[in-house]
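Structural features, examined
Below are the chains, spelled out letter by letter.
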Amino acid sequence: TTIAVFILFGAFMQGSGTGRLFSNLGAAVAGRYSGGPAKVAVITSGLFGTMSGSSVSNVITTGAMTIPLMVKTGYRPAVAGGIESAASVGGALMPPVMGAAAFVMAEITNIPYGEIVVAAAIGAVLYYFAILAAVHFEARKLGLDPMPLKDIPAWREVLRDAHLVLPIAVLVYLMMERWSGNYAAFCATMAMVAVSMLRARTRMSPFAILDSFAQAGLTMAPLAVSIAGAGIVVSALTATGMVVAFGGIIKGLAGGHLGLLLVLLALTVLVLGLGTPTTPSYIIAAAIGVPQVLELGRPLGVDPLQAHLFTFYFAVIADATPPVAAAAFAAAAIAKSSPTITSVHATRFGIAGFTVGFAFIYDPGIMLRGGVLDIALATSIQVAALTLITAGYAGFLLNPLNPALRVLFGVAGLAAAFAHALDDVTRFAIGVGTLALVAGWQWAASRPRQGEAT
């Protein structure tokens, strides 16, 4: 019931022209920079994620514009499709309207949806930061151009639809005030209709309102079937004792080591995602693995929200990982490329974001827990780690990186992200120190030497 109300809100957002606002905003913000269309794809897909939890619909909506632009700029079709699918998958992580699995999480854990949104916000931004960093370094290495100026909307055009942000603000405010998700989404939907009337270009006609209801129903129907199917599977697993058996197998393979258990659970979720949509795969994996994570994570103070967000994160990412990746297949159809190769590139651009899933367990500061310093330190560690990993993978920072520096970046990035035996300050020093040293050296080496002529 809660999912249905939020899907209805998303349908009214699209019907009012909020999608146009997001597309124009993405192009205005990122279009002027190197590899502009790819950055527009990332930003626009993240914004669309606020109103659609479906990665496939996100690809179809934004990819129809961004993929041809990326190919025209110089990206290979499979790469363009990979970037779009990696970005679209992350839409289900973006508050305030996350994927359907987030509402199921609230139901399973009895944690208010507003609390889940707050806890997931920084993690979602970090995922998109990782993709943006990967796209930026790739574009700089290949020397790709920005978008043509004629395709970049003026800020005046963006601001003509700016009033459509107000209903989203209403939704966020009501949920922060701990109103029920149903009532907050209902009020935001009513606000969307009212706010759309402020300007002729966004005004929703009776037909547009009816069409929004129809689109919401078309989105709800397959989702209801998926959730019902997942419920049957979980009930069967529970009744036959398979949940306990699978959990015992994973726990036995982990040998009492929390880190190994998390890796096995992540792999389980990714395998489930080969043929199962995000929500059912999350439900099944949560039933199998979350109790084991809570048991082994008790000494670290791991709580249900951390364990469920970890599982949810990988269930979302599974939509873009090969060999069966629904989002990548949809992007490949637009790009006219191989679905398998497109999904490989989607994983390549989103792979650094895999570290963020583990941060929910080991760095709870990214869930806005602790003091300001704790939150800032945890977030900074992840930013440094993601930058190192993506730069090392692409082979570019300020200038191209030689093989030795690429290995150094990979090792330093993984150490900053996963060396939890070290204290946070040391991990921060490793990440930021490596970046600062190499960036400073490249900057100094690229400056004209004193006395060199004109």
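Each remark here, short or long, concerns the structure printed above.
A short tour of the structure in this document, coming up. Starting afresh in each chain, residues are numbered from 1 along the sequence in its written order. Reporting in this predicted model follows two pLDDT cut-offs: at least 70 for local features of residues, and 80 or more for side-chain atom pairs to be given and counted; totals over whole chains, interfaces and linings ignore these cut-offs and use all residues. To get the side-chain values, all heavy atoms of the structure are used, and hydrogens and water are removed first.

1. What to know about the overall build of the protein
Condition: Secondary structure elements follow DSSP: runs of H or I of four or more residues count as helices, runs of E of two or more count as strands, with numbering from the N terminus. Exposure categories follow from relative accessible area, calculated using a 1.4 Å probe and restricted to protein chains: below 20% of the type maximum is buried, above 50% is exposed, and the middle band is partly exposed. Note on definitions: a residue-residue contact is assigned when non-hydrogen atoms from the two residues lie within 4.5 Å.
From N to C terminus, the protein includes 21 helices and zero strands. Every one of the 454 residues in the protein was classed for burial, and the buried ones make up 53%. Expressed as a percentage of contacts within the protein between residues at least 6 apart in sequence, the contacts between residues at least 24 apart total 77%.

2. Points about the nonpolar core
Nonpolar side chains in soluble globular proteins tend to be buried together. Note the following rule: The set of buried Ala, Val, Leu, Ile, Met, Phe, Trp, Tyr and Cys residues whose side-chain atoms join them within 4.5 Å is what this entry labels a nonpolar core.
Counting residues in each nonpolar core, the largest one holds 115 residues, and the members touching the most others are Tyr-75, Leu-309 and Phe-312. The element that contributes the greatest number of residues to this core is helix α7 (residues 113-142), accounting for 15 residues. Membership of the second largest hydrophobic core comes to 14 residues, among which are Phe-137, Ala-384, Phe-396 and Phe-409.

3. Some remarks on helix α15 (residues 304-317)
In an α-helix, one full turn covers 3.6 residues, which means residues spaced three or four apart are oriented alike. Basically, it comes down to this: Given the number of residues in a helix, its expected span is that number minus one, multiplied by 1.5 Å. Under the rule applied, a polar contact is a pair of N or O atoms within 3.5 Å (in protein, one hydrogen donor and one hydrogen acceptor; residues adjacent in sequence only if both atoms are side-chain atoms).
Over its 14 residues, α15 extends 20 Å from the first C-alpha to the last, a length consistent with the 20 Å expected when each residue adds 1.5 Å. With respect to burial, α15 is a largely interior element, 13 of its 14 residues being buried. Regarding α15, its N-cap is Asp-303, as a side-chain oxygen of that residue lies 3.2 Å from the backbone nitrogen of Leu-305 further along.

4. Some details on the side chain of His-163
By secondary structure assignment, the location of His-163 is in the loop between α8 (155-159) and α9 (166-176). Owing to a relative accessible area of 13%, His-163 belongs among the buried residues under this scheme. Leaving out residues up to four positions away in the same chain, His-163 has contacts with Val-195, Leu-198, Arg-199 and Thr-202.

5. Side note on the packing of helix α20 (residues 403-418) against helix α21 (residues 424-446)
As a reminder, the rule being used: To obtain an axis, a line is fitted to C-alpha atoms, over the contacting stretch when the element is a helix, and the angle between two such axes runs from 0 to 180 degrees between their N-to-C directions. Between 65 and 115 degrees an angle is taken as roughly perpendicular, under 35 as roughly parallel, over 145 as roughly antiparallel, and anywhere else as oblique. Two helices cross in a left-handed way if the nearer one is turned anticlockwise from the farther one by less than a right angle. They cross in a right-handed way if the turn is clockwise.
Following both chains from N to C, one finds α20 and α21 inclined at 155°, their axes separated by 7 Å at the closest point. It follows that α20 is roughly antiparallel to α21 by the angle criterion. For α20 against α21, the interelement crossing comes out left-handed. On α21, the residues that touch Leu-405, Leu-408, Phe-409, Ala-412, Ala-415, Ala-416 and Ala-417 of α20 are Arg-427, Ile-430, Gly-431, Thr-434, Leu-435, Val-438 and Trp-441.

6. Some remarks on unusual backbone geometry
Notably, Lys-336 is not glycine yet its phi reads approximately 60°, a positive angle. With respect to the helices and strands, the residue Lys-336 is situated in the loop between α16 (326-335) and α17 (339-350). Here Lys-336 falls in the exposed class, since its relative accessible area comes to 75%. Backbone geometry places Leu-368, a non-glycine residue, at a positive phi of 60°. With respect to the helices and strands, Leu-368 occurs in the loop between α18 (354-362) and α19 (372-394).

7. A word on the environment of Val-170
Take Val-170: it is sitting in helix α9. Residue Val-170 is classed as partly exposed on the basis of its relative accessible area of 30%. Between the C-alpha atoms of Val-170 and Met-192, which are 22 residues apart in sequence, the distance is 9.5 Å.

8. So, the side chain of Ser-196
Turning to its location among the elements, Ser-196 is positioned in helix α10 (residues 181-196). If sequence neighbours within four positions are ignored, Ser-196 has contacts with Ser-16, Leu-164, Thr-202, Arg-203 and Met-204.

9. Remarks on the packing of α15 against α18
To characterise two packed helices, one gives the angle between the axes of the helices and the distance between these axes. Test applied: Gly falls in the polar group here, along with every residue not listed as nonpolar (Ala, Val, Leu, Ile, Met, Phe, Trp, Tyr, Cys, Pro) or charged (Asp, Glu, Lys, Arg).
One way to put it is that α15 packs onto α18 with a least axis distance of 8 Å and a crossing angle of 170°. Between α15 and α18, the angle is such that the two are roughly antiparallel. Contact residues: α15 offers Gln-306, Ala-307, Leu-309, Phe-310, Tyr-313, Phe-314 and Ile-317, while α18 offers Phe-354, Val-356, Gly-357, Phe-358, Phe-360 and Ile-361. Classifying every residue of the contact of α15 with α18 by side-chain character gives 11 nonpolar, two polar and no charged.

10. Focus: a nonpolar patch on the surface
For clarity, the threshold we go by: Exposure above 30% relative accessible area and the absence of a salt bridge qualify a residue for a patch, where like charges join within 9 Å and nonpolar side chains (Val, Leu, Ile, Met, Phe, Trp, Tyr) within 5 Å. Note on areas: these come from Shrake-Rupley sampling with a 1.4 Å probe, and a residue is covered only by the protein chains present in the view. Here, a salt bridge means any side-chain nitrogen of Lys or Arg that lies within 4 Å of a carboxyl oxygen of Asp or Glu.
A contiguous nonpolar patch, built from Trp-179, Tyr-183, Phe-186 and Met-190 and spanning about 430 Å² of accessible area, is present on the exposed surface. With respect to the helices and strands, Met-190 occurs in helix α10. Judged by its relative accessible area of 44%, Met-190 falls in the partly exposed class.

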